[in-house]
Amino acid sequence: MGFTCGIVGLPNVGKSTLFNALTATISAQAENYPFCTIEPNIGKIAVPDSRLQQLAKIANSEKIIPAQIDFADIAGLVRGASKGEGLGNQFLGHIREMDAIVHVVRCFEDTNITHVEGRIDPLNDIEIIDTELMIADLESLERRIHPLLKLSRGNDQEASATLSIVEKVIDILKEGEPARSIAHKFENKTLINGLQLLTTKPVLYVCNVSEEEASTGNHLSKKVEEFARSNGAIAVTISASIEAEIAQLSSPDERAEFLHSLGLKETGLSRIVQAGYKLLGLITYLTAGPKESRAWTIRKGTKAPKAAAAIHTDFEKGFICAETISFDQYISCNGEVGAKEAGKIRQEGREYIVEDGDVIMFRFNV
């Protein structure tokens, strides 16, 4: 089960620097000119989870395999992108393929790095991109009206239901509000999701500040944080240049010492990945054994058979039960054997909703 967050923003805000740090590579160029990123680079990022090390130690696992989330570095947007300015059409097309948007906002001053708008104003930057996405959605929906009208006049019930949604979303967009402000009100999620709107995607704002302000943020990042709170979004403050330096340190001790010297408890990248998980409504369940200890990604609210499909579709098809124990009980009982002796392992059926941190052994028969 793959989930992809698209890293977006105006040119020269630190998108590619952040992506390079996330992937610990230099596969994406990070040059001081617009559109140095044309095709989206995609990197698979491990989700930090200290529980895996504890599981592996008890299960004597040969390998540890964390959950992963994909990040894509997408070309910088400029004003007028919805009309094809810059690389707007490519940019918007790539965003439609993403599950969520990571919007990098410049919150640092640096005369050596040009700003495409000629000034540092993160809320204005956010407005530019939001406006372009709303215009693109509006144009997309207006093109659907005529075909839907024809089908609804022929008593096509699905077309009539879709038309009703389209008309309501168009009204919201014309008022300058993104589609996500009304999308949660529709009972038929399949129809609204099928419209593939840019402004229904959840957004994580990443405030890129200077190295000196990485631990405290600044007045610009605080404006973005307040904006995010008031719009039901999430904001994380980091210094992309610091993250790039940390990515070059191979030793965990070196990284910890470097973070400590900057007054930071964890990397900004760790917080971004965790926030991305939260943004997408994801959780992990765990499996442990001599071969490997592993985290598996599922959506919150997933029932046991569908969760089993993350390992293999046969597990869902032939699902019998999920032998389940919470992570805390697994640790306190010193593993599966101790948990069985203590009567802590539960046999859960098809209706069981998997919880974050469940340690599971699936029983199936195909």
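Computed from a predicted structure; not experimentally measured. Per-chain numbering applies: the sequence of each chain, read as written, is numbered from 1 onward. Whole-chain, interface and lining totals are the exception, using all residues; otherwise, since this is a predicted model, local features are given only for residues with pLDDT of at least 70 and side-chain atom pairs are given and counted only at 80 or more. The basis for the side-chain values is all heavy atoms of the structure; hydrogens and waters are excluded.

Caption draft 1: Examining the overall build of the protein chain more closely. A run of H or I in DSSP becomes a helix once it reaches four residues, and a run of E becomes a strand once it reaches two; helices and strands are each numbered from the N terminus. Counting its secondary structure elements, the protein chain contains 15 helices and twelve strands. In this description, contact between two residues means that some pair of their heavy atoms is separated by no more than 4.5 Å. Restricting to contacts in the protein chain with at least 6 residues of sequence separation, those with at least 24 account for 69%. Per-residue and other accessible areas were derived by the Shrake-Rupley procedure at a 1.4 Å probe size, with only the shown protein chains allowed to occlude residues. For the protein chain, the exposed surface amounts to about 18,100 Å²; the carbon and sulfur share of it is 49%.

Caption draft 2: Spotlight on the packing of helix H9 (residues 240-247) against helix H10 (residues 252-261). The convention used is that axes are lines fitted to C-alpha atoms, helices contributing only their stretch in contact, and that angles between N-to-C directions extend from 0 to 180 degrees. Closest axis-to-axis distance for the H9/H10 pair is 10 Å, and the angle between their directions is 155°. Taken together, H9 and H10 sit at an angle that is classed as roughly antiparallel. Taken as a pair, H9 and H10 cross one another with a handedness that is right-handed. Along the contact surface, H9 presents Ile242, Glu245 and Ile246, while H10 presents Arg255, Phe258 and Leu259. Three classes are used: nonpolar for Ala, Val, Leu, Ile, Met, Phe, Trp, Tyr, Cys and Pro, charged for Asp, Glu, Lys and Arg, and polar for all others, with Gly counted as polar. Residue classes in the contact of H9 with H10 are distributed as four nonpolar, no polar and two charged. When an angle is under 35 degrees it counts as roughly parallel; over 145 it counts as roughly antiparallel; between 65 and 115 it counts as roughly perpendicular; any other value is oblique. Put simply, a crossing is left-handed when the front helix is turned counterclockwise from the back one by less than a right angle, and right-handed when it is turned clockwise.

Caption draft 3: Summary view of the packing of aromatic side chains. Stacked, edge-to-face and tilted labels apply to pairs of Phe, Tyr and Trp rings (six-membered ring for Trp) whose centres lie within 6.5 Å, assigned for plane angles under 30 degrees, over 60, and everything in between, in that order. If you walk through the whole model with that rule in mind, you get five aromatic pairs. On the numbers, 5.7 Å between centres and 80° between planes, the contact of Tyr285 with Phe362 is edge-to-face. One end of the pair, Tyr285, is in strand E8 (residues 282-288); the other, Phe362, is in strand E12 (residues 359-364), and 77 residues separate them in sequence. An identical accessibility class is assigned to Tyr285 and Phe362; each is buried. A centroid spacing of 6.5 Å and a plane angle of 65° characterise the contact between Phe315 and Phe362, whose relative ring orientation is edge-to-face. With Phe315 in helix H13 (residues 313-317) and Phe362 in strand E12, this pair connects stretches of sequence that are 47 residues apart. When sorted by exposure, Phe315 lands in the same class as Phe362, which is buried. Note on classification: 1.4 Å probe, protein chains only; a residue is buried when its accessible area is under 20% of the maximum for its type, exposed when over 50%, partly exposed between these limits.

Caption draft 4: Looking closely at the packing of helix H4 (residues 122-153) against helix H8 (residues 219-230). As a packed pair, H4 and H8 sit with axes 9 Å apart at the nearest point and diverge in direction by 45°. By the angle between their axes, H4 is oblique relative to H8. Between H4, through Pro122, Leu123, Ile126 and Asp130, and H8, the contact on the second element is made entirely by Leu220, Lys223, Val224 and Phe227. Class assignment of the residues belonging to the contact of H4 with H8 gives a composition of six nonpolar, no polar and two charged.

Caption draft 5: Highlighting the side chain of Thr267. With respect to the helices and strands, the residue Thr267 is situated in the loop between H10 and helix H11 (268-279). Two N or O atoms form a polar contact when they lie within 3.5 Å of each other; inside protein one atom must be a possible hydrogen donor and the other a possible acceptor, and for residues adjacent in sequence the pair counts only when both atoms belong to side chains. Within the structure, the side chain of Thr267 is placed 3.0 Å from the backbone nitrogen of Ser270, a separation counted as a polar contact. Among residues more than four places away in sequence, those in contact with Thr267 are Glu243, Ile246 and Leu259.

Caption draft 6: Local environment of the state of the cysteines. A pair of cysteine sulfur atoms is labelled a disulfide when the two atoms are within 2.5 Å. Per the stated rule, a full pass over the model turns up zero disulfides. Cys207 takes part in no disulfide bond, and the closest cysteine sulfur, belonging to Cys107, lies 4.4 Å away. Overall, the relative accessible area of 0% leaves Cys207 in the buried class.

Caption draft 7: Representation of the pairing of strand E1 (residues 4-8) within the structure. Taking burial as the measure, the five residues of E1 include five buried ones, the bulk of the element. Going residue by residue along E1, you find Thr4, Gly6 and Val8 tucked away on one face and Cys5 and Ile7 tucked away on the opposite face as well. By the convention used here, strands pair only if DSSP detects at least 2 bridges between them. Examined bridge by bridge, E1 and strand E4 (residues 68-73) share four bridges and lie parallel to one another. Across the sheet, Ile7 pairs through a bridge with Asp73, a residue of E4. Where E1 and strand E5 (residues 100-106) come together, four bridges link them in parallel fashion. Its bridge partner being in E5, Gly6 is matched across the sheet by Ile101.

Caption draft 8: Spotlight on the layout of surface pockets. Space inside the largest pocket adds up to approximately 670 Å³. Taken together, the elements giving at least two residues each to the lining of the largest pocket come down to helix H1 (15-23), strand E2 (41-46), helix H2 (51-59), H9, H10 and H11. Top contributing element to the lining of the largest pocket by residue count: H10, with four residues. Considered class by class, the residues forming the lining of the largest pocket number 17 nonpolar, four polar and five charged. A pocket here means an open set of points on a 1 Å grid, computed over the protein atoms alone, that has protein on both sides within 12 Å along at least five of seven lines. A cavity is instead a set of points where a 1.4 Å probe fits but cannot get out; residues with an atom within 4 Å of a point line either one. Grid points are joined across faces, edges and corners, and a volume is the space filled by probe spheres set on the points.

Caption draft 9: Focus on unusual backbone geometry. Phi at Asn12 takes a positive value of approximately 65°, unusual for a residue other than glycine. As for its placement among the helices and strands, Asn12 is situated in the loop between E1 and H1. Owing to a relative accessible area of 11%, Asn12 belongs among the buried residues under this scheme. The phi torsion at Asn334 lies on the positive side, around 60°, for a residue other than glycine. Along the chain, Asn334 turns up in the loop between helix H14 (327-332) and helix H15 (336-341).

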